[in-house]
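# Overview (structure and organization)
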Amino acid sequence: MSGDARVVAVLGPTNTGKTTYAIERMLGHRTGVIGLPLRLLAREVYDRCVALRGPSVVALVTGEERIVPPRTQYWVCTVEAMPEGMGCDFLAIDEIQLCADPERGHLFTDRLLRSRGLHETLFLGADTMRDPIKALVPEAQYMHRERMSQLVYSGQKKVSRMRPRSAIVGFSVDNVYAIAELIRRQKGGAAVVMGALSPRTRNAQVDMYQNGEVDFLVATDAIGMGLNLDIDHVAFSSLTKFDGRRMRPLAPNELAQIAGRAGRGQKDGTFGVTGDVRPLDDGTAQAIMDHRFTPIQKLQWRNHALQFGTIDALVRSLESPPDHDVLVRAREADDLKSLKTLAESAEVTARCTNGPSVRLLWDVCRVPDFRGISHGEHSNLLDVIFRYLHERGSIPDDWMARQIKRIDRSDGDIDAISKRLAFIRTWTYVAQRKGWTDDLDHWRSETRHVEDRLSDALHEKLTQRFVDRRTSVLLRRLGQKEAMVAEVNDQGEVTVEGEFVGKLDGFRFSQDKGAGAAEAKTIKTAALQALAPHFHLRADRFYNAPDTEIDFTEQGGLMWGSSAVGKLVAGSEPLKPQVEVFVDDVAGPEVAQKVQRRAQHFIDRKIAALFEPLLNMQRDETLSGLAKGFAFRLIENLGVLPRASVADDVKALDQDARGALRKHGIRFGQFTIFMPLLLKPAPTRLRLVLWSLSKNLGEFPESPPPGLVTIPAMTDTADGADIMAGYRNSGERAIRIDMLERLADMLRAEDSRGGFEAKADMLSITGMTLEQFSGLMAGLGYKAEKGEREKVKPAPVVVADATDATDAPAKAEATEDAAAPATEDAATPTAEGVASPEADADAVVAAEATPEAKADQDTPAAEPAETEVFYTFTWGRAPSANRARPNQGGKPRGKGAPAGGKPKGKGKGPRKDGAGGKTQNFSARPPRREKPIDPDNPFAAALMGLKDNK
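Residues numbered from 1 in each chain as written. Predicted model: local features only at pLDDT ≥ 70, side-chain atom pairs only at ≥ 80, totals over all residues. Heavy atoms only, no water.

## With respect to the overall build of the chain
- In terms of helices and strands, the chain carries 32 helices and 34 strands.
- Burial status across the chain gives 46% buried among its 950 residues.
- Across the chain, the fraction of contacts at a sequence separation of at least 24, relative to all contacts at a separation of at least 6, is 69%.
- Here the chain has roughly 47500 Å² of accessible surface; of this, 50% comes from carbon and sulfur atoms. (Helix = DSSP H or I, 4+ residues; strand = E, 2+ residues; numbered from the N terminus. Buried < 20%, exposed > 50% of the residue type's maximum accessible area, 1.4 Å probe, protein only. Contact = heavy atoms within 4.5 Å. Areas by Shrake-Rupley, 256 points an atom, 1.4 Å probe, with all protein chains shown as cover.)

Written out as structure tokens, the structure reads:
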């Protein structure tokens, strides 16, 4: 167990520079080998050696990776993959205390006992290994190294209160993922480091942490094995772990190995617990801080002198007991378990008839179970590999290709990619075995590329799930107490320190909806802090913006371009609304006041411009008495009043008062009293908003499209909305107020008692069909009686040719012949649209008097006459004491209707009784005294002249 070379045990706690010392010593020799406990740590040391000596002289050999340049001088390996019998000048084994590990300890013990450098051998590890090394390697010298920084216990702390540059340690994949997700929500994200990760994924995650993209690291106990990271605090989320057989508590020296990652170099570090873990007892915490632990008493051992004659001999040699009190036989490892399982196969036993076949079987059994599916599945795979190697001497390329192809997929979630990464590690290990494949370089390259692709995909998935770069950056800048740079593009998108955080709509910030509840507060705090100067700049631009850039919506909102800056609220009067601005509190009261003043100026000027006639009337000091009161009513109703609602007031107005009001553009219509100028689209749109505010409506009615005479009736809105929109509901349609008054003027000329038909002018001004017009008239109080009649066709007109006078008599005769049957088909219409009996009799006599007519009677009957639909309208409302008189908004009084309102007979003229046929006159009340003529009426002089001539 001893050798002639110098053997030194470099012992001490973590952060003493032991690994760095070993690298320096190795590079000081011509050749050297260093064995490390983890593939991840081996890669880190390899990169450091390459940086110092170049890639041409440094080799990396692990179970799944092999980089061996032709001029290799220095070998960086995992302990399992260390080459034997090389005769190197220098040899070192790191983390030698792993000799006591139940799973891998026998490998480290074997290197402790049998691996030596020709000139120098170093064993690096904890002070607890001093006694076992002294017992097994008596020639060893000892070098103690003190920790370069202090390690202090800080107790229990919540994850939400964890300071940056902290590592939270878990002992299961589920635990690590849960903590990483919690940190992402609260702190912006974390890097994830686990022993099962490929070096490529692990390095990408560590670089993200080391570069400051994230301030937290979530890891398994893999970080305890020499990984040099910039960690200030280590927190344990659990104090127990599964060791492959059972859950057991971690020993103080194991906790110290992990906690020692805090405080690198001369920088002090702290450790503690988090989550539901109870605080460490004082003794354990003090032991970790003082680096005092119970010395290791026993080391794991397994016989290295194996017998390959038969499978049974191999098993016996593997299970032979140690010959030293410090050594204990290692428990059954996976390779030995697989050997025993395959030995139960008769076919495998039949193949293993000599030493080389047994050795081959043992090499196959040493393929690690990276997949971790089950022992049976792993044994089946090993059986197939052994048969191929034994029968053919190599694994078939097509079979190898199929296995790899099933794994070469980067889709799926983290778990799916992690499983594929574990599977490819098996084939990466197989591809590294010399002689197992026909094209060693091809399969090494192929498996390496697949692992790299899966590693990159896993890193991307881990980053997507556990890192919110935006929150991480903002938190870091907030913690640095520095002014952050915010940018707002033309679309209002806000970026802070280059990270998109939301949109700025006017003077309100709307943060990104993709943020969770926990990070939302951080994002908003950072964004509003950075946006403070932008609010002032925007307020200045808004204050100086022309009115053409500002507008109001039909729901009372105030818009600056496409941004909402406020809304209108009811004021003391309908024409004096107030403004409520939309400004974030962080913008400050100065910004809010500036925005409010500008918005109030805009709406005040808009009202002054659109309601100028109404405001001029309000300021007219010449109005007095009833005229002033009536003007107030009209102003209160924004320039539109149903006449029926003020019938008594209108009746009380004398001609002088009416003349004074007409000067301001007021029209006294039969149905509505209004200002025609205020019926234009712009005043109408604003009037609806102001009226809705005064009525405290939840939803404002929309203004009708401009230019329409009739629209669908506004039945789903508040009472009075149709009048404010400039229309009056009438049946299923609503007609514009001014057009309704024009229609009323036409209706006054009709016999509304005896009945009348719609004229073409009536349909023209309403833009309706006859059927639609009947519905409109029904809404105004008329009865519409529908009927059908024979359509009257106009008689053809024959024009005699003046140049052919000789043919005139013949043409006249022909004309009479042609006209005879036409006269029979269509009688001459009267003013009432019905043929008179006298015209019918004359036509019959004429037909009988001519031979052509008699001949026509013998011909077949003509086609059926075409019919047409017509409506007869009569006033249909019954008299009511509460209803306004006809000239006050009720039925228009036709010129043939008597004052009493009783209907006349059908047709025009006075009604005759059935017996004597004498004219009868009816009167419901004595005739009214005529009102004096308005002297301001432009027709007053003419009217007065007519009266004087009576």
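Back to the write-up after that little detour.
## Side note on the packing of aromatic side chains
- The full count for this structure, using the stated rule, is 14 aromatic pairs.
- Ring centres 6.3 Å apart and planes at 15° place the aromatic pair tyrosine 871 and phenylalanine 873 in the stacked group.
- The buried category is assigned to phenylalanine 873, whose relative accessible area is 0%.
- Counting every residue linked through ring pairs, the aromatic cluster contains Phe756, Phe773, Tyr782, Tyr871, Phe873 and Trp875.
- Directly above the aromatic system of phenylalanine 582 lies the positively charged group of arginine 508, at a separation of 4.1 Å from the ring centroid.
- Over the aromatic face of phenylalanine 668 sits the side chain of arginine 658, whose NZ or CZ is 5.6 Å from the ring centroid. (Phe/Tyr/Trp six-rings, centres within 6.5 Å; stacked < 30°, edge-to-face > 60°. Lys NZ or Arg CZ within 6 Å of the ring centre and 35° of its normal.)

## Notes on helix α14 (residues 397-407)
- Of all the positions in α14, only Trp399, Met400, Gln403, Ile404 and Ile407 are classed as buried. The arc that holds the buried residues of α14, viewed along the axis, is 130°, so those residues lie on one side. In α14, the exposed positions angled more than 90 degrees off the buried face are occupied by Lys405 and Arg406.
- At its buried positions, α14 is contacted by α13 (375-392), α15 (414-432) and α16 (440-466). (Arc of directions from axis to C-beta.)

## Quick look at the sheet that holds strand β16 (residues 269-273)
- If you trace the 6 strands from one edge of the open sheet to the other, you get β9-β16-β13-β10-β12-β11, paired in parallel fashion. Each edge of the open sheet is held by one strand with a lone partner, namely β9 (151-156) and β11 (191-193). With strand direction ignored, the average angle separating the axes of adjacent strands in the sheet is 20°.
- Judged from the 3 bridges that link them, β11 and strand β12 (residues 216-219) form a sheet pairing that is parallel. Bridge assignment links alanine 191 to a residue of β12, and that residue is leucine 217.
- Packing of helix α5 (residues 173-187) onto the sheet brings it into contact with β10 (166-169), β11 and β12, and relative to β12 it is tilted by some 165°. (Pairing = 2+ DSSP bridges. Axes fitted to C-alpha atoms, helices over the stretch in contact; angles between N-to-C directions.)

## With respect to helix α7 (residues 252-259)
- Of all the positions in α7, only Leu255, Ala256, Gln257, Ile258 and Ala259 are classed as buried.
- The elements touched by buried residues of α7 are β9, β10, β13 (233-236), β16 and α8 (282-290).

## Re the pattern of salt bridges
- Considering all chains together, one arrives at 50 salt bridges under this definition.
- A salt bridge links glutamate 64 to arginine 425; the shortest N-O distance between them is 2.3 Å. In this pair, glutamate 64 sits in the loop between β3 (58-61) and β4 (66-67) while arginine 425 sits in helix α15, placing the two residues 361 residues apart along the sequence. Both residues of the pair, glutamate 64 and arginine 425, belong to the buried class.
- Among the salt bridges present, the one from glutamate 868 reaches arginine 789, with a minimum N-O distance of 2.9 Å. Highlighted residues: glutamate 868 in strand β34 (residues 867-875) and arginine 789 in strand β33 (residues 782-790), separated in sequence by 79 residues.
- Each of Arg39, Glu64, Arg425, Arg448 and Glu451 takes part in salt bridges that share partners, so that together they form one network. (Salt bridge = Lys/Arg side-chain N within 4 Å of Asp/Glu carboxyl O.)

## Things to note about the environment of alanine 527
- Here alanine 527 is to be found in helix α18 (residues 517-543).
- The class for alanine 527 is buried, based on a relative accessible area of 0%.
- Between the C-alpha atom of alanine 527 and that of glutamine 511, which follows or precedes it by 16 residues, the distance is 8.4 Å.

## Let's talk about the pairing of strand β2 (residues 32-36)
- Across the 5 residues that make up β2, a large majority, 5, are buried.
- The two faces of β2 match: Gly32, Ile34 and Leu36 on one face and Val33 and Gly35 on the other face are all buried.
- In this sheet, strand β5 (residues 74-78) lies alongside β2 in parallel orientation, the contact comprising 5 bridges. Paired with leucine 36 across the bridge in β5 is threonine 78.
- Where β2 meets strand β6 (residues 90-93), 4 bridges bridge the pair, whose relative direction is parallel. The residue of β6 that forms the bridge with isoleucine 34 is alanine 92.

## Re unusual backbone geometry
- Unlike most non-glycine residues, histidine 291 shows phi in positive territory, near 60°.
- Residue position: histidine 291 is located in the loop between α8 and β17 (299-301).
- Judged by relative accessible area, which is 25%, histidine 291 ranks as partly exposed.

## Regarding the environment of phenylalanine 674
- By secondary structure assignment, the location of phenylalanine 674 is in strand β29 (residues 672-674).
- Expressed as a C-alpha distance, the spacing of phenylalanine 674 and aspartate 738, which sit 64 residues apart in the sequence, is 8.8 Å.
- Setting aside anything within four residues of it in sequence, one finds phenylalanine 674 in contact with Gly639, Gly665, Ile666, Arg667, Leu679, Ile737, Asp738 and Glu741.

## Quick notes on the side chain of serine 317
- Structurally, serine 317 can be placed in helix α9 (residues 311-318).
- Dropping the residues within four chain positions of it, serine 317 is found in contact with Asn303, Ala305, Leu306 and Gln307.

## Some remarks on the nonpolar core
- The biggest cluster of nonpolar side chains holds 64 residues, and the ones touching the most others in it are Phe507, Leu575, Phe611, Met617, Phe630 and Leu661.
- Sequence-distant contacts of leucine 661, that is, excluding residues within four places in its chain, are made with Met617, Leu623, Ala627, Phe630, Ala631, Leu653, Ile666 and Phe668.
- Within the second largest apolar cluster, 59 residues are counted, among which are Ile168, Ile395, Trp399 and Phe466. (Core = buried A, V, L, I, M, F, W, Y, C linked by side-chain atoms within 4.5 Å.)

## Examining a negative patch on the surface
- On the surface, Asp397, Asp438, Asp439 and Asp441 cluster together to form a negatively charged patch.
- Mapped onto the elements, aspartate 438 comes out in the loop between α15 and α16. (Patch = residues over 30% accessible without salt bridge, like charges linked within 9 Å, V, L, I, M, F, W, Y side chains within 5 Å. Lys, Arg positive; Asp, Glu negative; His and termini not counted. Charge placed at Lys NZ, Arg CZ, Asp CG, Glu CD.)

## Overview of the confidence of the model for the chain
- On average, residues of the chain score 81 in pLDDT, and 80% of them are at 70 or above.
- Across residues 937-943, where pLDDT falls below 50, the model places 4 contacts with residues more than four positions away in sequence or in other chains.
- Note that pLDDT drops below 50 for residues 945-950; the model gives that stretch 2 contacts with residues more than four away or on any other chain. (pLDDT = per-residue confidence, 0-100.)

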